[in-house]
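So you can see what is in the structure, the chains are spelled out below.
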Amino acid sequence: MYDVEVFSKTDIGLVRKENQDSSAYSVISSDCVWAVVCDGMGGAQGGKTASSTAVNYITEYIGREFNEDMDSEQIADVLTSAVSGANLAVYKMAMDDPDLAGMGTTCDLVLVRGDIVHVVHVGDSRTYSIRDGKILQITEDHSLVQEMVRRGEITAEQAMKHPNKNLITRALGVSHDVHIDYIEAEFDQGDTLLICSDGLSNYVSKADMVRTVEEFDGELMIDTLVEIAKRHGGHDNITVTVIY
């Protein structure tokens, strides 16, 4: 078995006054790692508070509840419970503090163990799999424009430039309950998983993602992806994590 590696970077971008993204990861063993990316929303300190609260809750929960002997069903239960708990933690905080009312956050939580990747997804942060020069978006955005694409009202290309592309239909912390997507996929030697906030996916094309992953390793890979996002505008906070 080969060693799985993980690298992560978050950047304020070129326009925003505050970085409302949060991320974390942990290498549990040579073939088991997890990572989470959250993109907060809400005025004042709301967005940053929502994303950091969710990431801290998830980090503590997995550290306490996960062990490598679990089967896939148990792993799915731990990951979805972690995100459900994070939703409640953010929601309660927003209810208790008028300054934080309406805050929320996206969440992509990814765990690789052996040849399986487990993904828990809420919002429009994304998880991609890159294999043999091809890129697959594992998650589907919970957004207004994605629903329009699904109904055939606009094309995927039109969605990228749509004025409402940032309006999401699901987020952690906005209500007591949240509907969570859980996805399992294969993870083969040579694959790269790319987990990012929309500050990356809105500004870096899939072709540039594939090219960067194939040309660079480690810190240089994620630094290059962030720089491409900035070169194309950098109007949002940028967070990217890669697992390979």
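Visitor: Help me get a handle on the overall build of the protein chain, residues and values and all.
Guide: Helix and strand content of the protein chain: seven helices and 11 strands. Its C-alpha atoms give the protein chain principal-axis dimensions of roughly 50 × 40 × 35 Å. Evaluated residue by residue, the protein chain yields a buried proportion of 52% over its 244 residues. Put simply, of all contacts in the protein chain between residues at least 6 apart along the chain, 70% involve residues at least 24 apart. Here the protein chain has roughly 11,100 Å² of accessible surface; of this, 48% comes from carbon and sulfur atoms. When the 19 positive and 41 negative side-chain charges of the protein chain are each reduced to one mean point, those points stand 8 Å apart.

Visitor: Residues and numbers for the sheet that holds strand β10 (residues 192-196), please.
Guide: The strand order across the open sheet formed by five strands is β1-β11-β10-β7-β8, and the pairing between neighbours is antiparallel. Sheet topology places β1 (6-11) and β8 (134-137) at the edges, where each strand pairs with a single neighbour. Put simply, the sheet's adjacent strands are angled 20° from each other on average, direction ignored. The pairing of strand β7 (residues 126-131) with β10 spans five bridges and is classified as antiparallel. Bridging from a neighbouring strand, arginine 126 pairs with cysteine 196 of β10. Contacting β1, β10 and β11 (238-243), helix α7 (residues 218-231) crosses the sheet at an angle of about 30° to β1.

Visitor: Could you give me a rundown of the pattern of salt bridges, with the residues and numbers involved?
Guide: Within this structure, the stated rule accounts for 13 salt bridges. The salt bridge partner of glutamate 147 is arginine 151, with a shortest N-O separation of 4.0 Å. Judged by its relative accessible area of 27%, glutamate 147 falls in the partly exposed class. Of the residues examined, arginine 151 reaches a relative accessible area of 53% and is grouped as exposed.

Visitor: For the nonpolar core, give the residues involved together with the corresponding values.
Guide: Grouped together as the largest cluster of nonpolar side chains are 31 residues, with contacts concentrated most on Val36, Ile58, Val83 and Leu109. Looking at this core, the element that brings in the most residues is helix α2 (residues 72-96), giving eight residues. The residues touching valine 83, leaving out its near neighbours within four places in the chain, are Ile58, Cys107, Leu109, Val120, Val122, Leu172 and Ile180. Val210, Met221, Ile228 and Ala229 belong to the second largest nonpolar core, which has 21 residues in total.

Visitor: Talk me through the layout of surface pockets; I want residue IDs and the actual numbers.
Guide: Of the pockets and cavities examined, the largest pocket occupies roughly 460 Å³. Considering the residues around the largest pocket, the lining is formed by 24 residues, among which Arg126, Gln137, Asp141, Ala156 and Met160 are closest to the centre. At the level of elements, β7, α3 (144-150), α4 (156-160), α5 (198-201) and α6 (206-215) are the ones that each hand at least two residues to the lining of the largest pocket. Ranked by residues supplied to the lining of the largest pocket, first place goes to α4 with four residues.

Definitions and limits used
Residues numbered from 1 in each chain as written. Predicted model: local features only at pLDDT ≥ 70, side-chain atom pairs only at ≥ 80, totals over all residues. Heavy atoms only, no water. Helix = DSSP H or I, 4+ residues; strand = E, 2+ residues; numbered from the N terminus. Buried < 20%, exposed > 50% of the residue type's maximum accessible area, 1.4 Å probe, protein only. Contact = heavy atoms within 4.5 Å. Areas by Shrake-Rupley, 256 points an atom, 1.4 Å probe, with all protein chains shown as cover. Lys, Arg positive; Asp, Glu negative; His and termini not counted. Charge placed at Lys NZ, Arg CZ, Asp CG, Glu CD. Pairing = 2+ DSSP bridges. Axes fitted to C-alpha atoms, helices over the stretch in contact; angles between N-to-C directions. Salt bridge = Lys/Arg side-chain N within 4 Å of Asp/Glu carboxyl O. Core = buried A, V, L, I, M, F, W, Y, C linked by side-chain atoms within 4.5 Å. 1 Å grid on protein atoms, 1.4 Å probe; cavity = no way out; pocket = protein on both sides within 12 Å on 5 of 7 lines; lining within 4 Å. Points joined across faces, edges and corners; volume = space filled by probe spheres on them.

By themselves, these are just geometric observations and shouldn't be taken as functional.
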